[in-house]
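So the chains spell out like this:
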Amino acid sequence: MKEDKTTIATLGPAGTFSDIAAQNYIKKKKTKAKITLYPTIYDVFEAVNFGKADVGVVPLENLEDGSVRITLDELFNSDLNIGASFVLPIRHCLAVFPKTKDVKEIMSNTHPLTQCHNFIKRNYPEAKLSESLSTAEAMKKIAKGKKIGVAAVGPLETALSYGLKILKNNIQDNKKNITRFVVVSPLKSVTGDITSIALYGHKDRPGLLYDLLGIFAKRKINLTRIESRPAKSKLGVYVFYIDFAGSLDSPEIGKVLEKIKEQGFKIKIFGSYSELK
């Protein structure tokens, strides 16, 4: 690996899936960049916005839970752009302090608890469910506090790093579950296989969304993701987030964006990028 002075901000503490994703990103880039951990996704964006980190690695969407709302909101509210994306398989284990015999409480972030709902109900129907800030935080609390009777749901690597005993691995209900992460930075990329934009500021009218989709359909441009989030100005006003195949340096995409503006939309462009393999 080549030396790299790049600093990467991501969600901590050590051992979260975001931390694992940032480590995977470094391996994909074949560098030795430094990872700095922050307590929230908001803090990750702040770190990159104010130059405390060069890039941020944040979750954008999960196969089961859908989009990460705070990531969408911070993308829209900040001046950061997407430079790359990649997917991370989500595998959960159930881990306990080694002396535990009976599990009376299961602790984790709300998303892992949901993703392992069937396993928990089938095997530990009487267990109390407790939410933590992250999977790693739950495991850290159990290990440092030597909590007997409390189990944590989260990554196998993290559980082992804290010296926890693994009761069962691969407990997620969907064995194919993945999370898509994006790399954000102040730099705007105009070249790639995917372009991400947000549309806002439009006046509602009958057929608005139909006309918008028609712009892409007529040019045979594939939409890979479209969803809406409240604009937070008043009820019934939304921001549309769209990913589509194509690159900003393509004249055809330039024409598409002009047509969208003609429909009364303002456009916030997050950039064109490719998925890292």
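Higher on the page you've got the structure.
Residues numbered from 1 in each chain as written. Predicted model: local features only at pLDDT ≥ 70, side-chain atom pairs only at ≥ 80, totals over all residues. Heavy atoms only, no water.

Draft legend 1. Broad picture of a positive patch on the surface. Residues Arg91, Arg122, Lys168 and Lys175 make up a contiguous surface patch of positive charge. Inspection of the secondary structure assignment puts Arg91 in the loop between β5 (81-89) and β6 (93-96). Residue Arg91 is classed as partly exposed on the basis of its relative accessible area, which comes to 32%. (Patch = residues over 30% accessible without salt bridge, like charges linked within 9 Å, V, L, I, M, F, W, Y side chains within 5 Å. Areas by Shrake-Rupley, 256 points an atom, 1.4 Å probe, with all protein chains shown as cover. Salt bridge = Lys/Arg side-chain N within 4 Å of Asp/Glu carboxyl O. Lys, Arg positive; Asp, Glu negative; His and termini not counted. Charge placed at Lys NZ, Arg CZ, Asp CG, Glu CD. Helix = DSSP H or I, 4+ residues; strand = E, 2+ residues; numbered from the N terminus. Buried < 20%, exposed > 50% of the residue type's maximum accessible area, 1.4 Å probe, protein only.)

Draft legend 2. How the structure looks around unusual backbone geometry. For the bond running from Gly12 to Pro13, omega is 5°, close enough to zero to count as cis. Within the secondary structure layout, Pro13 lies in the loop between β1 (7-11) and α1 (17-29). Unusually for a residue other than glycine, Lys220 sits at a positive phi of about 55°. Here Lys220 is to be found in the loop between α8 (208-218) and β13 (223-230).

Draft legend 3. Spotlight on the sheet that holds strand β14 (residues 238-245). Read across the open sheet, the four strands follow the order β13-β14-β12-β15; overall the sheet is antiparallel. Unpaired on one side and paired on the other, β13 and β15 (266-273) mark the two borders of the sheet. The average angle at which neighbouring strand axes cross in this sheet is 15°, direction not considered. By the bridge criterion, six bridges tie strand β12 (residues 194-200) to β14 in an arrangement that is antiparallel. When the sheet's bridge partners are listed, Thr195 is paired in β14 with Phe244. Running over the sheet, helix α9 (residues 251-262) touches β12, β14 and β15 and is turned about 160° from β15. (Pairing = 2+ DSSP bridges. Axes fitted to C-alpha atoms, helices over the stretch in contact; angles between N-to-C directions. Contact = heavy atoms within 4.5 Å.)

The analysis is restricted to geometry; functional conclusions fall outside its scope.
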